[in-house]
Amino acid sequence: MRDNQWMSLLGLANRARKIISGEELTVKQIQSGKARLILLSADASANTTKKITDKCNSYEVPFKMVENRHLLGQAIGKEARVVVAVLDDGFAKKMVTLLD
């Protein structure tokens, strides 16, 4: 059940235009300080995982792993997504509680 909760919330954040998806755009959001939480799929490539987690660590942006790219994409009504940045404090805080 908990899976669906974070996915519904991400869908809501998406409709509110409070997320961005894709590796390059996510990195830009992290660097600009706009990203509040990064959702990274567990099946992302080692390269992508390292790049995103390194950025998160150096800019002190929290990140959470989710099961796979299909769930992440499905949550925002798109094709498979490897990484999504949440750009809103409220959504990010709630998301962390659902993914812990």
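Keep in mind the model is a prediction, meaning the values are calculated, not measured.

1. Some thoughts on the overall build of the chain
Check the secondary structure of the chain and you find five helices and four strands. Mapped from its N terminus to its C terminus, the chain presents α and β elements in the order α-β-α-β-α-β-α-β-α. The globule rule puts the C-alpha radius of gyration for 100 residues at 13 Å, and the 12 Å found for the chain is close to it. For the chain, the C-alpha atoms occupy an extent of roughly 30 × 25 × 25 Å along the three principal directions. Buried residues in the chain amount to 41% of all 100 residues. Of the accessible surface of the chain, which amounts to about 5,500 Å², a share of 49% is contributed by carbon and sulfur atoms. Within the chain, one finds 16 positive and 11 negative side-chain charges whose respective centroids are separated by 6 Å.

2. Some points on the nonpolar core
Among the nonpolar cores identified, the biggest contains 20 residues, and W6, L10, L39, V86 and M95 are the most heavily contacted of them. Mapped onto this core, the elements with two or more residues apiece are α1 (2–15), β2 (37–41), α4 (69–75), β4 (83–86) and α5 (89–99). Core analysis: the next-biggest nonpolar cluster, separate from the first, contains eleven residues, A35, L40, C56 and A85 among them.

3. So, the sheet that holds β4
Ordered by their spatial adjacency, four strands build an open sheet running β1-β4-β2-β3, and the pairing between neighbours is mixed. Lying at the two open borders of the sheet, with one neighbouring strand each, are β1 (19–21) and β3 (63–66). Taken pair by pair, the neighbouring strands of this sheet meet at an average axis angle of 20°, ignoring direction. Relative to β4, β2 runs antiparallel, the two being bridged by four bridges. Paired with I38 across the two strands is A85, which belongs to β4. Packed onto the sheet, helix α3 (residues 46–58) meets β2, β3 and β4 and runs at close to 165° relative to β2. Along the sheet, α5 makes contact with β2, β3 and β4, crossing β2 at roughly 45°.

4. Considerations on the pairing of β3
Of the two faces of β3, the one lined by K64 and V66 is fully buried and the one lined by F63 and M65 carries no buried residue. Examined bridge by bridge, β2 and β3 share four bridges and lie parallel to one another. Directly across from S41, in β3, lies its bridge partner V66. This β-α-β element, β2 to α3 to β3, shows right-handed connectivity.

5. Side note on the side chain of T53
Assignment of secondary structure puts T53 in helix α3. A distance of 2.7 Å separates a polar side-chain atom of T53 from the backbone oxygen of T49. Among the polar contacts listed, one links the side chain of T53 to the backbone oxygen of K50, at a separation of 3.2 Å. Apart from the residues lying within four places of it in its own chain, the contact partners of T53 are L40 and F63.

So, how was this worked out
- Residues numbered from 1 in each chain as written.
- Predicted model: local features only at pLDDT ≥ 70, side-chain atom pairs only at ≥ 80, totals over all residues.
- Heavy atoms only, no water.
- Helix = DSSP H or I, 4+ residues; strand = E, 2+ residues; numbered from the N terminus.
- Rg over C-alpha atoms; globule rule 2.2 N^0.38 Å.
- Buried < 20%, exposed > 50% of the residue type's maximum accessible area, 1.4 Å probe, protein only.
- Areas by Shrake-Rupley, 256 points an atom, 1.4 Å probe, with all protein chains shown as cover.
- Lys, Arg positive; Asp, Glu negative; His and termini not counted.
- Charge placed at Lys NZ, Arg CZ, Asp CG, Glu CD.
- Core = buried A, V, L, I, M, F, W, Y, C linked by side-chain atoms within 4.5 Å.
- Pairing = 2+ DSSP bridges.
- Axes fitted to C-alpha atoms, helices over the stretch in contact; angles between N-to-C directions.
- Contact = heavy atoms within 4.5 Å.
- Right-handed = clockwise from strand over helix to strand, strands pointing away.
- Polar contact = N/O pair within 3.5 Å; in protein donor to acceptor, adjacent residues only side chain to side chain.

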